Amino acid sequence: IDDDLVLTAGHCITSAADCAKTRFVFRYQNRAANTLESLTSEDVFGCTALVAHKLGTYAGKQLDYAGVRRDRKATPRFVPA
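Please read these numbers as outputs of a predicted model, since none were measured by experiment.

Colleague: Before we move on, could you go through the overall build of the protein and cite the residues and values that matter?
Modeller: Each helix and strand counted, the protein has one helix and six strands in total. Each helix and strand of the protein, placed in order from N terminus to C terminus, yields the pattern β-α-β-β-β-β-β. Residue pairs in contact within the protein that sit at least 24 positions apart in sequence constitute 56% of those at least 6 positions apart. Split by element, the accessible area of the protein, about 5500 Å² in all, is 52% carbon and sulfur. Taking the average location of the 11 positive side-chain charges in the protein and that of its 9 negative ones, the two points are 2 Å from each other.

Colleague: Outline the sheet that holds strand E6 (residues 61-70), listing residues and values.
Modeller: Taken together, four strands build an open sheet; the order of strands is E1-E6-E5-E2 and the sheet is antiparallel. Two strands bound the open sheet, and with one partner strand each, they are strand E1 (5-8) and strand E2 (23-25). In this sheet, adjacent strand axes meet at a mean angle of 40° when their direction is disregarded. Relative to E6, E1 runs antiparallel, the two being bridged by four bridges. Residue pairing across strands places Val6 opposite Val68, the latter belonging to E6.

Colleague: Summarise the state of the cysteines; cite the residues concerned and give the values.
Modeller: Disulfide: a covalent bond formed between the sulfur atoms of two cysteine residues. Taken as a whole and judged by the stated rule, the model has one disulfide. Shown here is the disulfide that connects Cys19 with Cys47, its sulfur atoms set 2.0 Å apart. Between Cys19 and Cys47 the sulfur-sulfur dihedral comes to about -105°; the bridge is accordingly left-handed. Of this pair, Cys19 sits in helix H1 (residues 16-20) while Cys47 sits in strand E5 (residues 44-58), and the two are 28 residues apart along the sequence. When sorted by exposure, Cys19 lands in the same class as Cys47, which is buried.

Colleague: Hey, could you go over the packing of aromatic side chains for me, with residue numbers and the actual values?
Modeller: Applying the stated rule across the entire model yields three aromatic pairs. Considering the side-chain rings of Phe45 and Phe78, the 6.4 Å spacing of their centres and the 70° angle between planes classify their relative orientation as edge-to-face. Here Phe45, found in strand E5, pairs with Phe78, found in the segment after E6; they are 33 residues apart in sequence, far enough to count as distant. This pair shows no difference in class: Phe45 is buried, exactly as Phe78 is. Connected via pairs of aromatic rings, a cluster forms that spans Phe26, Phe45 and Phe78. The ring centre of Phe45 lies 5.2 Å from the NZ or CZ of Arg70, which sits over that ring. The lysine or arginine in question, Arg72, covers the ring of Phe45, its NZ or CZ lying 4.1 Å from the ring centre.

Rules of the game
Residues numbered from 1 in each chain as written. Predicted model: local features only at pLDDT ≥ 70, side-chain atom pairs only at ≥ 80, totals over all residues. Heavy atoms only, no water. Helix = DSSP H or I, 4+ residues; strand = E, 2+ residues; numbered from the N terminus. Contact = heavy atoms within 4.5 Å. Areas by Shrake-Rupley, 256 points an atom, 1.4 Å probe, with all protein chains shown as cover. Lys, Arg positive; Asp, Glu negative; His and termini not counted. Charge placed at Lys NZ, Arg CZ, Asp CG, Glu CD. Pairing = 2+ DSSP bridges. Axes fitted to C-alpha atoms, helices over the stretch in contact; angles between N-to-C directions. Disulfide = S-S within 2.5 Å. Buried < 20%, exposed > 50% of the residue type's maximum accessible area, 1.4 Å probe, protein only. Phe/Tyr/Trp six-rings, centres within 6.5 Å; stacked < 30°, edge-to-face > 60°. Lys NZ or Arg CZ within 6 Å of the ring centre and 35° of its normal.

Listed below in structure tokens is the structure:
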């Protein structure tokens, strides 16, 4: 959602400890049937901080999100949504 932020499900990352052991892999996709795209360390990002989190009900709505900071910016290689 930004140069160094990712939005994910709140039930996936609920604490700083979860963040510390989480990795985000970009370009994880099939190039062809049964053939994965080649990945490098530049495609793998660590999580350094849980900046927003909600898991539960608010005003009658079920909320489940986490905003996390990656260990480095993804731009210019990847463009935020």
